[in-house]
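Now for the letters of each chain:
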Amino acid sequence: MKNLDFYIIILIVVALELIATDAQFTCFRKYRERKGKTFCKGPLKNRKKFSSPEKCCAKKGKGFAVSMVKAGGRNKYQCTSCSVLKKTTPAPTVAPTPAITTVDGNWGNWMGWSQCSADCGGGTRTRTRRCNYPPPSHGGKDCPGPGVKEEPCNEDPCSVDGHWGQWSQFSLCSATCGSGTMMRSRKCDDPPAQYGGSECKGMPYQEKRCKNRNCPLHGGWSLWGPWSECSVTCDTGMVTRTRTCDSPRPLFGGRKCDGSATDTRECTANKQCPVHGGWTSWTTQGRCNAPRCETGTAIRSRSCTNPRPRNGGRPCVGRSYSREGCVNDENCPKTGEWCNWNEWSQCTATCTGLNSMQVRQRSCQCPGPQSGGSDCDGNKYEARECVNVQPCNPYGAFIGQRRVEEESYSASVNSTEDVTSSKNDAEIVTT
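Residues numbered from 1 in each chain as written. Predicted model: local features only at pLDDT ≥ 70, side-chain atom pairs only at ≥ 80, totals over all residues. Heavy atoms only, no water.

J.: For this particular structure, what's the right way to read the state of the cysteines?
T.: Among covalent bonds in proteins, the disulfide is the one between the sulfur atoms of two cysteines. Counting across every chain of the model gives 18 disulfides. Here C120 is linked by a disulfide to C158, with a sulfur-sulfur distance of 1.7 Å. With the S-S dihedral at roughly 105 degrees, the linkage between C120 and C158 falls on the right-handed side. With C120 in the loop between helix 3 (83-86) and strand 6 (123-128) and C158 in the loop between strand 7 (148-153) and strand 8 (179-185), the pair connects residues that are 38 residues apart, well separated along the chain. (Disulfide = S-S within 2.5 Å. Helix = DSSP H or I, 4+ residues; strand = E, 2+ residues; numbered from the N terminus.)

Following this line, the structure appears as structure tokens:
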């Protein structure tokens, strides 16, 4: 009887719980127990809800739950096994009417855990139980203890995806002239990636082109052009070739090309050039063909040997000799010719005045008289007042008298010279 009463109480408790919850039950096809944990898998097709656990378990269900709470894995849910309902035995056909007694409340099984309030970083989950196995009746006591239990869950830190910080300033241009690059950087630290979070997407560096003043561009020679034709059609000449300073042209203060723009070398024609004849210089005149001291003719000559005509060159044009007028002055009297004046003598006094003068002379020997020719015409001596000497009398007294004396002195000197010259000529003739 005691066992029968126990099973009746369980049935009543289950019935009361179902009535109290008035829930729609999810039915699962599989119930598993592994490593001390229980869970269900595979909700029935279309996740159809049942109004009671009996209807679920009467079909293909192996477990049931009021709500679908995951049990920590893929397709794993917290549930109650259908075997709980099958432990009861059917009531006897005729059951005695139990006496009405005081029934204290008793907790039903804990329901499944609710979903964690946070996916990471620490949350909480709860589960509940009802004081309906059985509920207190006829003055019975309520169930002792709380009907709700709470525990922490998902305490692992949340993953943090990295985000880029601010860009730095661009660097200086990499080139001091011409084109270069500028760079700036950023760090994945706002915040950095943590706890399995994804790294920042994109590049930590950025570059852009920059340009300062134009760089000096030094000139460069082009390739040599073709050689020109030979400068001559015969013998040896020159050929030239040129190049230009345009590869590149000097720009922006660049240096010009070093070296010459022209290149030359010798070339030889296929034949020798004709050489035209050229006269030599005239020879000196030969002996004058005339009587003594009379006019006549003299002959001078030249030859066509400077150069000789060859290789078909033209001969010299003109005569190879020439007759020139001449005078046969052999043993003819010749008048003498003055030589150049000598330098002036020193002044005869320390100041200009009476008896102060300078004298110079020349000789009749350039050439001298020959074969009875006459002497040179003119004076051999010349006198003058001293120059660059202070005057003796600043008022010019006795200047006239001095000039008279100078003239008389010059006349006496010249007359003396004439006498001397006559004597010398007489001596030459006698000789």
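So, next bit.
J.: I would appreciate a short explanation of the nonpolar core in the present structure.
T.: Nonpolar side chains in soluble globular proteins tend to be buried together. Counting 9 residues, the largest nonpolar core consists of F25, C27, L44, F50, C56, C57, F64, C82 and L85. Within the residue set of this core, elements represented by two or more residues are strand 1 (25-34) and helix 2 (53-58). Membership of the second largest hydrophobic core comes to 5 residues, among which are C40, A65, Y77 and C79. (Core = buried A, V, L, I, M, F, W, Y, C linked by side-chain atoms within 4.5 Å. Buried < 20%, exposed > 50% of the residue type's maximum accessible area, 1.4 Å probe, protein only.)

J.: So what exactly am I meant to see when it comes to a positive patch on the surface here?
T.: Judged by side-chain charge, R29, K30, R32 and R34 come together as a positively charged surface patch. The residue R32 is located in strand 1 in this model. With relative accessibility at 30%, the residue R32 sits in the partly exposed group. (Patch = residues over 30% accessible without salt bridge, like charges linked within 9 Å, V, L, I, M, F, W, Y side chains within 5 Å. Areas by Shrake-Rupley, 256 points an atom, 1.4 Å probe, with all protein chains shown as cover. Salt bridge = Lys/Arg side-chain N within 4 Å of Asp/Glu carboxyl O. Lys, Arg positive; Asp, Glu negative; His and termini not counted. Charge placed at Lys NZ, Arg CZ, Asp CG, Glu CD.)

J.: Is there a simple way to explain the pattern of salt bridges in this structure?
T.: Between side chains of opposite charge, a pair can form as their charged atoms come close. For the structure shown, the criterion picks out 4 salt bridges. Linking D263 and R241 is a salt bridge whose minimum nitrogen-to-oxygen distance equals 3.1 Å. In this pair, D263 sits in strand 11 (residues 262-268) while R241 sits in strand 10 (residues 236-242), placing the two residues 22 residues apart along the sequence. Here D263 falls in the partly exposed class, since its relative accessible area comes to 24%. Of the charged contacts in the structure, one is a salt bridge between E382 and R360, with a shortest N-O distance of 2.8 Å. One end of the pair, E382, is in strand 15 (residues 381-385); the other, R360, is in strand 14 (residues 357-361), with 22 residues separating them in the sequence.

J.: Whenever I open this one, the packing of aromatic side chains confuses me. Can you help?
T.: Each pair of aromatic rings is reported with the distance of its centres and the angle of its planes. The final tally for this structure, using the stated rule, is 1 aromatic pair. For the pair F28 and Y77, a centre-to-centre distance of 5.7 Å together with 25 degrees between the ring planes defines the contact as stacked. One end of the pair, F28, is in strand 1; the other, Y77, is in the loop between strand 4 (63-65) and strand 5 (80-81), with 49 residues separating them in the sequence. Residue F28 shares its accessibility class with Y77, and that shared class is buried. Residue placement shows R362 over the ring face of W338; its charged tip is 4.2 Å from the ring centre. (Phe/Tyr/Trp six-rings, centres within 6.5 Å; stacked < 30°, edge-to-face > 60°. Lys NZ or Arg CZ within 6 Å of the ring centre and 35° of its normal.)

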